[in-house]
Amino acid sequence: MSIGQCVDYRFEMEGDKSMEIPDLSTRPRPITPKIFKKCKSATFTLDGTAYTIVANPPDRAKDDSSVGAKNGQLSRAGSLTVLRRTNSKSKLPSTSSSRTSSIAESDSYASVDLGTDKLPPIDTPEASHVCSIRLRNILRRIQNGEVSKEDLHKNLEYAASVLESVYIDETSTSKDTTKNSVETPTSFPKSPPERLTDEDDELSEVEPDAVPTEVRDWLALTFTRSMSNVRRRGLEKPKFRSVAHAIRAGIMVDRIYRRLSSSATLHIPPAVLQLLKGMDDWSFDVFSLNSAADGHSLKYVGYELLQKYDLVTKYKINSSMLDSFLLQLEVGYSKYKNPYHNLVHGADVAQTVHYILSQSKLAHWLTDLEVFATIIAALIHDYEHTGTTNNFHIQTGSEFAVLYNDKAVLENHHICASFRIMRSEEANILNHLSREEYREFRALVIEMVMATDMSFHFQQLKNMKNLLGMPENIDKQKALSLVLHCADISHPAKDWNLHRRWTSQLLEEFFKQGDREQELGLAISPLCDREKTLVAESQIGFIDFIVDPSFAVMTEMLEKILTPLQKAARSEDAISEEVFDKTDKSKYILSTPWSDCLADNKNKWKVQAAKDAEERKQKEAEELSKETSNTNNNTTKPIAPPGGPTPAVSCSAGKGGN
């Protein structure tokens, strides 16, 4: 039997003879075993079931409604309550050494196994500590895909019960204090009631928008259930400092569940998981990811982004439909075996769009549906690209050109073919959108993908420059269209090794088109002639006249949009806080890693251009030298015409002939 804190109470067992605590002053020491010690509570085990006898304070003897039946109330008489804990079938430790040993065993069990049978009861002091060890154990195992959904469900249920127990314990003091102050006036100075958030709490550190919608719903469901408050041994129980800690724990549990849900529907190789951690880097190496992913970089990037922004949960996207959608996208991107416009380019553009949305915090300005449309538009923006330009389709009178009337031929096809996939039963990731949401989603995707047509480039920049004078009039569709357009042409703004590789693949695709044009007897398009294209000079011009101005306008646009939002409250539909850097700054500062990359790459191309020019001069000099040598040889040694030697002609004969 474990004896609680001693108090001056008398109690009796229902159905037994009255048992009074004997007067110790009239009995000689030592006390015989028949004498009961004064106590507040006593716990004993009978037939494998633990029973606790709790002595209630006098002011609570009349109204025992606060003692709930959660643990199985058996009987109540006067100031005595008997509670049964069916989940405790082992003897309770009676000494500090055995207690320490029990905690050590629980810690070891929590860090090795995933079962919940041997975890301590949720209302015991060590429960929260063991729970934290278990959650970190699960986090480590999730990285290797070793956690089953059943084990996760049991452990999350246990963690939720522990948080609930802590919450009840923290808030019960406030209710008891208020009740006593009304029923029993006293002259003693009253201590301030214990509040949900004390003055030394750190709840202010957690912004309301830091909690995703589904986490808030989960916390509300967990912590607002109608339950009676059972007073526990609070003096020996470690508590959260505030509900802020509970919120943080809830967010962590939610992340665990989302990550496992993703890995349960999609097996992600460890090497791919490691590389996906760099998704928030500007110069993300999508080539390495594609190699590790065995040619499925678009699928894994798509999964990661939709999970990162929690769009799978918010729009109830079926996992098998999402898998089918992404796989069909990869098939379409690989249809024409393009060196540049392939699934790797699609993954790269989607990751670049994510960087701009998250690191600039532009996603704060958007609704969930707008973020969803932006991610999908980036994924599909070059679906089934033919590896040729719009002008080539128009000049050759292709089926696409006829179908789309020579207007944004490829862009129209990307959109049309992609929405056909999303309308199919096996890949309908939009089936839970309402009619209004679907129309808004489709309109935004169409606007963004159509803006990737390079023939709209200068008009697009001109329109945005005009809007920058009135930032409040900047349209979301136009802003997101510029973001996608910049991401589409962003490889000169990445690290040199990535940019150089993209340039090589793009030019190879151009040269293939030039070869086809030559075969068809058409004029070879600019940059498509293998023999005459100046690579370095073309890239310098591309940076100077296309990429650099585009990023300059986008940078100014982001600053105009986001500076007023720096102090404004975030929308209720804000995206999951794990996407953003939550640093609090008085002034909005936009990170622009593309600026340094553009300058560095331009300088390297200038060096390369100088080398190429020198090589061309040497080559021209050598060719001129050969031509001069051939000319001299022809002068000293005439070449006989075909059909026989040249007859000698005398001056007189020639002259006479004149």
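The structure presented is a predicted model; accordingly, all values stated were derived computationally and were not measured. (Residues numbered from 1 in each chain as written. Predicted model: local features only at pLDDT ≥ 70, side-chain atom pairs only at ≥ 80, totals over all residues. Heavy atoms only, no water.)

Novice: Help me understand the environment of Met321 in this model?
Specialist: As for its position among the elements, Met321 is in helix H11 (residues 319-333). The spacing of Met321 and Met422 is 101 residues in sequence and 9.1 Å in space, taken between C-alpha atoms. Discounting residues that sit within four places of it in the chain, Met321 has contacts with Glu425, Glu426, Ala427, Asn428, Ile429 and Asn431. (Helix = DSSP H or I, 4+ residues; strand = E, 2+ residues; numbered from the N terminus. Contact = heavy atoms within 4.5 Å.)

Novice: Just to check I follow, could you spell out helix H21 (residues 535-562) for this structure?
Specialist: Think of an α-helix as turning once every 3.6 residues; residues three or four places apart then point the same way. For H21, spanning 28 residues, the distance from its first C-alpha to its last is 38 Å, which sits close to the expected 40 Å at 1.5 Å a residue. Along H21, the helix axis deviates most sharply at Ile543, where the bend reaches about 45°. (Expected span 1.5 Å × (residues − 1). Bend = angle between axes of the 7 residues up to and from the residue.)

Novice: Could you clarify how one ought to interpret the packing of aromatic side chains in this entry?
Specialist: Any pair of aromatic rings gets described here by the distance separating the centres and the angle formed by the planes. Within this structure, the stated rule accounts for 12 aromatic pairs. Aromatic rings pair up to connect Tyr315, Phe372, Phe419, Tyr438 and Phe441 into one cluster. The ring of Tyr300 carries the charged tip of Lys299 above its face, separated from the ring centre by 5.1 Å. Residue placement shows Arg442 over the ring face of Phe419; its charged tip is 4.7 Å from the ring centre. (Phe/Tyr/Trp six-rings, centres within 6.5 Å; stacked < 30°, edge-to-face > 60°. Lys NZ or Arg CZ within 6 Å of the ring centre and 35° of its normal.)

Novice: What should I look at first to understand the side chain of Asp348 in this one?
Specialist: Inspection of the secondary structure puts Asp348 in helix H12 (residues 343-359). In this structure Asp348 comes out as buried when scored by relative accessible area, which is 5%. A distance of 3.5 Å separates polar atoms of two side chains, one belonging to Asp348 and the other to Lys494. Those residues in contact with Asp348 that lie beyond four places of it in its chain are Phe284, Val286, Lys494 and Trp502. (Buried < 20%, exposed > 50% of the residue type's maximum accessible area, 1.4 Å probe, protein only. Polar contact = N/O pair within 3.5 Å; in protein donor to acceptor, adjacent residues only side chain to side chain.)

Novice: For this particular structure, what's the right way to read the nonpolar core?
Specialist: The nonpolar side chains of a soluble globular protein tend to be buried with one another. Counting 106 residues, the largest nonpolar core has Phe325, Phe372, Phe441, Met554 and Met557 as the members making the most contacts within it. Element by element, the count of residues in this core is highest for H21, at 12 residues. When neighbours within four sequence positions are excluded, Met554 is seen to be in contact with Ile356, Leu482, Val483, Cys486 and Trp594. Cys131, Leu135, Ala159 and Val162 belong to the second-largest nonpolar core, a separate cluster that totals eight residues. (Core = buried A, V, L, I, M, F, W, Y, C linked by side-chain atoms within 4.5 Å.)

Novice: For this particular structure, what's the right way to read H11?
Specialist: Across its 15 residues, H11 extends 21 Å between first and last C-alpha, which sits within 8% of the 21 Å expected from 1.5 Å per residue. Considered for burial, the residues of H11 that qualify are Met321, Leu322, Ser324, Phe325, Leu326, Leu329, Glu330, Gly332 and Tyr333. Next to the buried residues of H11 lie helix H9 (297-308), helix H10 (311-314), H12, helix H13 (368-380) and helix H16 (409-423).

Novice: What is the right way to look at the packing of H13 against helix H17 (residues 435-450) in this model?
Specialist: Geometry of a packed helix pair, given as the angle between the helix axes and the separation of the axes. Interhelical geometry of H13 versus H17 gives an angle of 45° and a closest axis separation of 9 Å. Comparing their axes, H17 and H13 come out oblique. In the packing of H13 onto H17, the handedness of the crossing is right-handed. The residues of H17 that touch H13, namely those facing Leu369, Glu370, Phe372, Ala373, Thr374, Ile376, Ala377 and Ile380, are Glu437, Glu440, Phe441, Leu444, Val445, Met448 and Val449. Per-class residue counts for the contact of H13 with H17 are 11 nonpolar, one polar and three charged. (Axes fitted to C-alpha atoms, helices over the stretch in contact; angles between N-to-C directions. Parallel < 35°, antiparallel > 145°, perpendicular 65-115°, else oblique. Left-handed = near helix turned anticlockwise from the far one by under 90°. Nonpolar A, V, L, I, M, F, W, Y, C, P; charged D, E, K, R; others polar.)

Novice: What should I look at first to understand the environment of His432 in this one?
Specialist: Among the structural elements, His432 can be located in the loop between H16 and H17. Each C-alpha atom, one on His432 and one on Tyr315, is 6.2 Å from the other, the two residues being 117 residues apart in sequence. Not counting residues within four places of it along the chain, the set of residues in contact with His432 comprises Tyr315, Lys316 and Glu437.

Novice: I tried to follow the pattern of salt bridges on my own but got confused; where do I start?
Specialist: Where side chains of opposite charge bring their charged atoms close, a pairing between them can arise. Tallying each qualifying case throughout the model produces 11 salt bridges. Across the pair Asp348 and Lys494 runs a salt bridge whose closest N-O atoms are separated by 3.5 Å. Pair noted here: Asp348 is in helix H12 and Lys494 is in the loop between helix H19 (476-488) and helix H20 (496-519), with a separation of 146 residues, a long-range link. We note a salt bridge from Glu436 to Arg439, for which the minimum N-O separation is 3.9 Å. One end of the pair is Glu436 and the other is Arg439, both in helix H17 and three residues apart, which spans about a single turn. (Salt bridge = Lys/Arg side-chain N within 4 Å of Asp/Glu carboxyl O.)

Novice: How should the confidence of the model for the protein be read in this particular structure?
Specialist: In low-pLDDT segments, the atomic positions of the prediction should not be examined closely. On average, residues of the protein carry a pLDDT of 76, and 61% of them reach 70 or more. This stretch, residues 31-37, has a pLDDT under 50; its non-local contacts, to residues over four places away or in other chains, come to nine contacts. (pLDDT = per-residue confidence, 0-100.)

Novice: Got a minute to help me understand a negative patch on the surface in this structure?
Specialist: Side chains of Glu620, Glu622, Glu623 and Glu627 sit close together on the surface and give a patch of like negative charge. Looking at the secondary structure, you find Glu627 in helix H22 (residues 593-636). (Patch = residues over 30% accessible without salt bridge, like charges linked within 9 Å, V, L, I, M, F, W, Y side chains within 5 Å. Areas by Shrake-Rupley, 256 points an atom, 1.4 Å probe, with all protein chains shown as cover. Lys, Arg positive; Asp, Glu negative; His and termini not counted. Charge placed at Lys NZ, Arg CZ, Asp CG, Glu CD.)

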